[in-house]
Amino acid sequence: TSQVEKRGFQAEVKQLLHLMIHSLYSNREIFLRELVSNASDACDKLRFESLDNAALFESDPDLKIRVAFDKASRTLTISDNGIGMSRDEAVNHLGTIAKSGTKDFFSKLSGDKQKDANMIGQFGVGFYSAFIVADKVTVMTRRAGLGAEAGVKWECSMAGDEAGEYTVETYTKAQRGTDIVLHLREGEDDLLSGYKLRNIIRKYSDHILQPIVMQKEEWDAEKAEQVLKDEDETVNQANALWARSKNDITEDEYKAFYKHVSHDYDEPLAWSHARVEGRHEYTQLLYVPKHAPFDLWDRNPRHGLKLYVRRVFIMDDAEKLLPHYMRFVRGVVDSADLPLNVSREILQESKDVDTIRGGCTKRVLGMLSDLAENEKEKYAEFWKEFGKVLKEGLGEDFSNKDKLAGLMRYASTQTDTPEETVSLADYVSRMKEGQDKIYYVTADSFNAAKNSPHLEVFRKKGIEVLLLSERVDEWAISQLTEFEGKQVVSVAKGDLDLGKLEDEEEKKKVEEQAEEFKPLLEKIKATLGERVKEVRVTHRLTDSPACLVVDEHEMGMNLARMLKAAGQ
Ligand code: ADP
Ligand code: MG
């Protein structure tokens, strides 16, 4: 049936459209980047599906994207001969936001246009950005492999910035793929220019793999204007940036590519590009962002690596390519060895992938070590955004424990401020004569850590103690038993053994007192009963009358409290 069907948008879509038009207007050019990126994704998908079904290419094997404009009708058209959409797909993909965590996402918007714009970008709601410049959008699409009569026309008009409904109807489309027609809003006519459009494409979409073509133009002296010729030209570089030689790539190109893969509006903090040869051959282009993505702490965060095999796009979010604690890294891995039909399931078990993962992990750690050593300010910036995540690595990645330990930064009694700036190496360099351990205390806030009674004797003796107060800390640091041959110990665990720092006289005094107070200790123990294991005299304290300690091999108190709160 060619019946026109009216449908309503999901409530979130309406909300998003409204927000987008308002907060992204100052970045309005990104609509083209988003639509071209969708067209490119559609071409990638076709190429990938055609590996199993060559017939999908029909008689049209050259994938490309076309951008055209029409001054008379005031429209822009972005076309591709990629995979296209069936009716169901059009309805599902263009009328709803299928991504998980949408609600969460809205709750994180701050009202600050610049910040929100960045979040919206990361969320990847590209298609709707068309409405920044258009008040009516018409999509004509036909899925590869279905007949011309299986085409669909989708259309949505907005009054002001309110869009409630869209229509879908059957539409005959000879060529597979998608045409998106933007009917420009008033005041957007500067976009009806080949010069302007070429500039935007080169700025945002130069690295797109498929050629982006436009009609050639020629100056007509009589009409005194540019006129379109019957001939196409490719506007972008149309090659895989990561496959080019490092020396041929400019900083700006690296940065533009980062914005493309990350959907971030900001520049990256650092990147690393390398071709790895040997048993497995692959290229990696890895970026560390400046800011944490909005979903960093979600249960299922987006992972930022795209996997290609010999430049054929395989998948987004390839979470197997990096450990979980590096989920903030963005970029591309292109393998020369994996089979083209590799699936997520195969990736789970592939030894090749383990090698790539090991290599990428080392590369990221190297990049971070380099920052920590040579660009301390940048590293401090990184630590503020991602330190908490990197700490997870101590428990997750034993093979890189030493490297990771070197990257850790903590607050300490040296500065007594909550800023995490002290490295274990700094700590070791300041250790007292005779000190052979690295001491830390954990608590659930910085102030609690700083004022912990366990610190009294350390402060008195001038021994530095690391002050740990983040949720991840206690668990993470307990995985780190030593650094540079020095034991890493909690000041609140076991029998406090200050080794050579111990004052012989003091020790004797404590022993004497233990004798003297024996009856008192027994009385306290009897009163507290089951609640304590032991009561003893200590030299830990100088001002406080008493404190709690746990056995050396038991769970820290903070962790125990957290598990209890979580109902374990
Ligand atoms: P994303 O690209 O992050 O998935 P978008 O809002 O940009 O989000 O696009 C939503 C969905 O619409 C895409 O995932 C895709 O399924 C579909 N889509 C958009 N444009 C095209 C196109 N040109 N060809 C085929 N499908 C498309
Ligand atoms: Mg998109």
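How each quantity is defined
- Residues numbered from 1 in each chain as written.
- Chains lettered and ligands numbered in written order.
- Predicted model: local features only at pLDDT ≥ 70, side-chain atom pairs only at ≥ 80, totals over all residues.
- Pairing = 2+ DSSP bridges.
- Helix = DSSP H or I, 4+ residues; strand = E, 2+ residues; numbered from the N terminus.
- Buried ≥ 20, exposed ≤ 12 C-beta atoms within 10 Å, placed from the backbone.
- pLDDT = per-residue confidence, 0-100.
- UniProt positions renumbered as here; feature names shortened; annotations may be inferred.
- Arc of directions from axis to C-beta.
- Core = buried A, V, L, I, M, F, W, Y, C linked by C-beta atoms within 7 Å.
- Axes fitted to C-alpha atoms, helices over the stretch in contact; angles between N-to-C directions.

Undergrad: What should I look at first to understand the sheet that holds strand β16 (residues 437-442) in this one?
TA: Hydrogen bonds between backbone atoms are what pair the strands of a sheet, whose relative direction is either parallel or antiparallel. One open sheet holds the five strands; their spatial order is β15-β17-β16-β19-β18, and the pairing between them is mixed. Edge positions in the open sheet fall to β15 (411-412) and β18 (482-483), since each of these has one partner strand only. Note that β15 and strand β17 (residues 466-468) share two bridges and pair antiparallel. Residue S412 lies in a different strand from β17, and its bridge partner there is L466.

Undergrad: In this structure, what is going on with the environment of F517? I would like to understand it.
TA: With respect to the helices and strands, the residue F517 is situated in the loop between α17 (504-516) and α18 (518-528). Exposure remark for F517: the 15 C-beta atoms within 10 Å place this residue in the partly exposed category. Note: C-alpha distance between F517 and K533 (16 residues apart in sequence) is 17 Å.

Undergrad: How should the confidence of the model for the protein chain be read in this particular structure?
TA: Regions with low pLDDT should not have their predicted coordinates read in detail. Scored by pLDDT, the protein chain comes out at a mean of 88, with 92% of its residues at no less than 70. Scoring the predicted complex yields pTM 0.74 and, for the interface, ipTM 0.99.

Undergrad: Help me understand the UniProt feature "coiled-coil region" (unreviewed entry) in the protein chain in this model?
TA: With numbering aligned to this structure, UniProt lists the feature "coiled-coil region" (unreviewed entry) at residues 214-241. The distance from the first to the last C-alpha atom of residues 214-241 is 21 Å, and the span holds 0% helix and 61% strand.

Undergrad: How do you make sense of helix α3 (residues 87-95) when you look at a structure like this?
TA: Spacing of three or four residues puts side chains on the same side of an α-helix, whose turn is 3.6 residues. Inspection of α3 places R87, A90 and L94 among the buried residues, and these make up the whole buried set. Taken down its axis, α3 places every buried residue within 60° of arc, on the same side. Turned more than 90 degrees off the buried face of α3, the exposed positions are D88 and N92.

Undergrad: Can you walk me through the nonpolar core in this structure?
TA: The tendency in soluble globular proteins is for nonpolar side chains to be buried as a group. Grouped together as the largest cluster of nonpolar side chains are 68 residues, with contacts concentrated most on L321, V329, Y440, V441, V465 and L466. It is helix α10 (residues 351-374) that provides the largest number of residues to this core, a total of seven residues. Membership of the second largest hydrophobic core comes to 56 residues, among which are F31, A39, A163 and I212.

Undergrad: Even after reading the chapter, I still don't get the sheet that holds strand β8 (residues 212-220), so can you show me in this structure?
TA: Ordered in space as β1-β6-β5-β4-β7-β3-β2-β8-β9, the nine strands form an open sheet in which the pairing is mixed. The sheet terminates laterally at β1 (5-8) and β9 (225-234), the two strands that pair on one side only. Strand-to-strand, the axes of this sheet are offset by a mean angle of 20°, without reference to chain direction. Summarising the sheet, strand β4 (residues 134-142) and strand β5 (residues 152-157) pair through six bridges and their orientation is antiparallel. Note on β5: the bridge partner recorded for M140 is K153.

Undergrad: Would you mind going over the pairing of β5 with me for this structure?
TA: The side chains of a regular strand alternate between both faces of the sheet. Pairing of β5 with strand β6 (residues 165-170) involves four bridges; the strand directions are antiparallel. From the neighbouring strand, W154 faces β6, where its bridge partner is V168.

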